[in-house]
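Examination of the molecular architecture
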Amino acid sequence: MKGHLLDKVAIVTGGTRGIGRSIVLSLSKEGVDTAFTYVKNTSLADSLVEEVRRIGRKSIPVQMDVRDFDGSRSLVEKVKEEFGRIDILVNNAGITRDRSLMMMSRDDWTEVVDTDLTGVFNITRACIVTFLKQKNGNIVNISSVGGIHPLSGQVNYAAAKAGVIGFTKSLAKEVAPYNIRVNAVAPGFIETDMTGELGEIYKEKVIDLIPVKRFGTPEEVARVVIFLVSDRSQYITGQVIQIDGGLGM
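The structure reproduced in this document is the subject of the present report. (Residues numbered from 1 in each chain as written. Predicted model: local features only at pLDDT ≥ 70, side-chain atom pairs only at ≥ 80, totals over all residues. Heavy atoms only, no water.)

With respect to the sheet that holds strand E1 (residues 9-12)
This is how the line gets drawn: Pairing between two strands is assigned when DSSP locates at least 2 bridges connecting them. Counting from the N terminus, the helices are DSSP H or I runs at least four residues long and the strands are E runs at least two residues long. To obtain an axis, a line is fitted to C-alpha atoms, over the contacting stretch when the element is a helix, and the angle between two such axes runs from 0 to 180 degrees between their N-to-C directions.
Read across the open sheet, the 7 strands follow the order E3-E2-E1-E4-E5-E6-E7; overall the sheet is parallel. With partners counted over all chains shown, the strands left at the sheet margins are strand E3 (59-63) and strand E7 (240-243), one partner each. Along the sheet, successive strands turn relative to each other by an average axial angle of 15°, direction set aside. Bridge analysis of strand E2 (residues 33-38) against E3 gives 5 bridges, and the strand direction is parallel.

Side note on empty space enclosed by the protein
So the rule is basically this: Definitions used for this entry: grid spacing 1 Å over protein atoms alone; cavity, a set of points where a 1.4 Å probe fits but cannot get out; pocket, an open set with protein on both sides within 12 Å along at least 5 of 7 lines; lining residue, one with an atom within 4 Å of a point. Grid points are joined across faces, edges and corners, and a volume is the space filled by probe spheres set on the points. In this classification, Asp, Glu, Lys and Arg are treated as charged, Ala, Val, Leu, Ile, Met, Phe, Trp, Tyr, Cys and Pro as nonpolar, and every other residue, Gly included, as polar.
For the coordinates displayed, the defined rule picks out 1 cavity of 30 Å³ or more. Estimated volume of the largest cavity: approximately 30 Å³. Lining the largest cavity are Thr13, Val66, Asn91, Ala93, Thr115, Gly119, Val120 and Ile123. If one sorts the elements of the lining of the largest cavity by residue count, helix H5 (residues 106-134) sits on top with 4 residues. Grouping the amino acids of the lining of the largest cavity by side-chain chemistry returns 4 nonpolar, 4 polar and no charged.

Points about a nonpolar patch on the surface
To be explicit about the condition: Patches draw on residues past 30% relative accessible area with no salt bridge. Two like charges within 9 Å are joined, as are two nonpolar side chains (Val, Leu, Ile, Met, Phe, Trp, Tyr) within 5 Å. The accessible surface values rely on the Shrake-Rupley method and a 1.4 Å probe; as for residues, cover is taken only from the protein chains in view. Here, a salt bridge means any side-chain nitrogen of Lys or Arg that lies within 4 Å of a carboxyl oxygen of Asp or Glu. For each residue, the accessible area found with a 1.4 Å probe, counting protein chains only, is set against the maximum for its type, and the residue is called buried under 20%, exposed over 50%, and partly exposed in between.
Residues Leu101, Trp109 and Val155 make up a contiguous nonpolar surface patch of about 290 Å² in total accessible area. The residue Trp109 is located in helix H5 in this model. Looking at Trp109, the relative accessible area reads 36%, which means it is partly exposed.

Some thoughts on the pairing of strand E4 (residues 88-91)
What you see with E4 is no split at all: Ile88 and Val90 on one side and Leu89 and Asn91 on the other are buried throughout. With 3 bridges connecting them, E1 and E4 associate as parallel partners. Bridged to Val12 within E4 is Val90. As judged from the 4 bridges shared by E4 and strand E5 (residues 137-142), these two strands associate in the parallel manner. Within E5, the position partnered with Val90 by the bridge is Val140.

Right under this line is the structure:
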């Protein structure tokens, strides 16, 4: 597949850990140069840049919050200055603030919706002009099975991730005539720092609900993203692919 993606340039938001990190590394192995965003952990960002360098590609870390509209525009300009182009956007950055609605503060709501949904708008809005001008581009948004079959105690997260799906489908229709594809993936329970915070008893209960009886891996999500941004999926747009071991059936 490297022939399809060799020397392309991608932006990945939330790139230093979990699914985002796997996506950056998987793209690098396919011959893609990347820019990734992160909020705080500079040492993790630096270690990812070094991992990418060892693969033989280039990656630039950009410290920014996807909630920053003007910062999103600056990110795109920086990537174009560094690499001369942008071919792929993966909107991965996301957070959770789970609690019952009765206990949910306004900040719990706004932080999740502003990061997980408005962040997708901010970065995509910054990239879309470039994609339209070049009549080429590929966008993958990381939603969640929680946006399709939500759990209780996640009204903020479920609303944001369902919003990402609506965003994906509407934009896919809008930009299809310009040779731009927009798809989403909806991971279920994946082995990341986020799920690592779950208690063992809760994990066992969840695994009982998953037909394949295990959590997924970040690499399994990254493989689907690679497929969606490659030429092997040229006739796929506006779709949501669940990567959940059958949880959402």
